[in-house]
Protein chains: 2
Amino acid sequence: MSKQNWKPGTMINPLPAVLVTCASGGRTNMLTVAWAGTICTNPPMCSISVRPERFSHSLIKESMEFTVNLTTEQMAHATDWAGVRSGRDYDKWSETGLTPIPGVKVGCPSIAESPLAIECRVRSIMSLGSHDMFIAEVVNVVAEESLIDKETGAFMLERAGLINYSHGAYYRQGEQIGRFGFSVKKTGK
Amino acid sequence: MSKQNWKPGTMINPLPAVLVTCASGGRTNMLTVAWAGTICTNPPMCSISVRPERFSHSLIKESMEFTVNLTTEQMAHATDWAGVRSGRDYDKWSETGLTPIPGVKVGCPSIAESPLAIECRVRSIMSLGSHDMFIAEVVNVVAEESLIDKETGAFMLERAGLINYSHGAYYRQGEQIGRFGFSVKKTGK
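Each chain has its residues counted from 1, running along the sequence as written. Labels follow written order: the first chain is A, the first ligand is 1, and so on. Local features in a predicted model are, by the rule used here, given only for residues with pLDDT of at least 70; side-chain atom pairs are given and counted only at 80 or more, and totals for whole chains, interfaces and linings are based on all residues. Each side-chain value is worked out from all heavy atoms of the structure, with water and hydrogens disregarded.

Draft legend 1. Region of interest: the interface of chain B and chain A. Each partner contributes to the interface: chain B provides 97 residues, whereas chain A provides 98 residues. Put simply, buried area is how much 1.4 Å-probe accessible surface two parts lose in total, over both of them, once they are put together. Taken together, the two surfaces of chain B and chain A that pack against each other cover about 8,900 Å², and 60% of this comes from carbon and sulfur. Any Lys or Arg side-chain nitrogen located within 4 Å of an Asp or Glu carboxyl oxygen qualifies as a salt bridge. For the interface between chain B and chain A, the tally reads four salt bridges. Here Glu144 of chain A makes a salt bridge to Lys3 of chain B, at a shortest N to O gap of 2.8 Å. Polar contacts here mean pairs of N or O atoms no more than 3.5 Å apart (in protein, one a potential hydrogen donor and the other a potential acceptor; neighbouring residues in sequence count only if both atoms are side-chain atoms). Linking chain B with chain A are 48 residue pairs in polar contact (both at pLDDT 80 or more). For the purposes of this entry, the term helix denotes a DSSP run of H or I that reaches at least four residues, the term strand denotes a run of E that reaches at least two, and both are numbered from the N terminus. Here the element with the most residues in the side of chain B that touches chain A is strand S13 (residues 169-179) of chain B; it accounts for 11 residues. Whether two residues are in contact is decided by their heavy atoms, any of which lying within 4.5 Å being enough.

Draft legend 2. Fine view of the pairing of strand S5 (residues 36-40) of chain A. Residue and element names in this part refer to chain A. For the exposure calls, accessible area comes from a 1.4 Å probe over protein chains only, and a residue counts as buried if that area is under 20% of its type's maximum, exposed if over 50%, partly exposed in between. Most of S5 is tucked away: five of the five residues are buried. The sheet contact formed by S5 and strand S6 (residues 45-50) spans four bridges and is antiparallel. Residue pairing in the sheet places Cys40 in a bridge with Met45 of S6. What sits between the antiparallel neighbours S5 and S6 is a turn of four residues. Two strands qualify as a pair provided DSSP detects at least 2 bridges between them.

Draft legend 3. Inspection of the relation of the copies chain B and chain A at higher detail. Turning chain B through 180° and shifting it by 0.0 Å along the axis lays it on chain A, with an RMSD of 0.0 Å. Overall, the copies show the geometry of a two-fold rotation axis. Taking the C-alpha atom as reference, chain B places Gly174 of chain B closest to the rotation axis, 1.9 Å from it. The overlap is high: 100% of the interface residues of chain B also sit at the interface in chain A, so the same surface is used on both sides. The atoms used to superpose the copies are C-alpha atoms, taken from residues with pLDDT of at least 70 in both, and the fit is least squares.

Draft legend 4. Fine view of empty space enclosed by the protein. Here a cavity is any set of points on a 1 Å grid over the protein atoms alone where a 1.4 Å probe fits but cannot get out, and a pocket is any open set with protein on both sides within 12 Å along at least 5 of 7 lines; a residue lines the site when it has an atom within 4 Å of a point. Grid points are joined across faces, edges and corners, and a volume is the space filled by probe spheres set on the points. Tallied over the entire structure, the rule returns one cavity of 30 Å³ or more. Quantified by volume, the largest cavity comes out at close to 40 Å³. Surrounding the largest cavity, Ala36, Gly37, Thr38, Ile39 and Ser47 of chain A together with Trp35, Ala36, Gly37, Thr38, Ile39 and Ser47 of chain B form its lining. Elements supplying a minimum of two residues to the lining of the largest cavity: S5 of chain A together with strand S5 (36-40) of chain B. Classes in brief: Ala, Val, Leu, Ile, Met, Phe, Trp, Tyr, Cys and Pro nonpolar; Asp, Glu, Lys and Arg charged; the others, Gly included, polar. A class-by-class count of the residues in the lining of the largest cavity yields five nonpolar, six polar and no charged.

Draft legend 5. Region of interest: the pattern of salt bridges. Scanning all chains against the criterion turns up 14 salt bridges over all chains. A salt bridge links Glu137 of chain A to Arg123 of chain A, with the shortest nitrogen-to-oxygen separation between them at 2.9 Å. Here Arg123 of chain A lies in strand S10 (residues 116-127) and Glu137 of chain A lies in strand S11 (residues 132-144), a separation of 14 residues in the sequence. One continuous salt-bridge network, built from bridges that share partners, spans Glu73 and Arg172 of chain A together with Glu175 of chain B.

As structure tokens, this is what we get:
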């Protein structure tokens, strides 16, 4: 295990590849974001980082709302495309064929094809350099009913075919290794 | 695609499952974190969120440094175990069998078994509720040399066997769907 030193870089992997939907002044858009994550459990909070020059940046800044839509293998092409094209030049809904559904607690639509949409209200914006970080509180979650087990009520997210983003590429989820806590259950450690 | 509304929750998935190493006053520890991500490209920055009651929280707050170590299938048991146990009660290095190697630009060690260690200096700490978010700048990256292609010099992170964390369980990486930009290359859209 010999090591090599590199200059600083953004190397946390894998990361989620989410479609962020937003709206302001009658305009709506979607943006692919990998610089996204959970930052607090209680209250439930998440952050997304967006370049100020992106079309969605102004929509989110104006409305102070956005929705994080998880993405699946079926949505992979649209997820990549929405990340390389701009809402200034395209209607990303018609181009991707994804279906907007009205937000519940926020003004922006979410994506019907997404197994899970996380509606967020922006609490603060931090300018970091190339990206602004939108620090937000989750205000509502919209879940795909067909993934809810009728008997147990469990949400079977593992059946959604989620994708992730790692080192410049999109990947399918592999097999499950174990649930949180498996190491102490297994060994009694 | 009928939908169900849920109360707010932390539902962004999948997420990285990283081992954060830290040190202060001669004490060193590792902590498993899924509330972690990249927040800025230039300068390269990342954030980790840690509960104030965690042993590592005080070490990071005192030293204002930490290292994010990516985790692999081989490290899955240790990754889970370091997340459910406390450095107050255990020497996590001897318990997990992971090997500390000295930090390069930071005072805390990184994990030799990790394919990639990201050395970070904390810029600010944000108290959000259950968790404090450590907003940090990447100051150095330590890469496993055996993953670097001798001919091309490319870093083959896809061969590292990275794991991710989704909805309460650890998962292997699945097959690659496509590289960033594949949607415009393929369709010319």
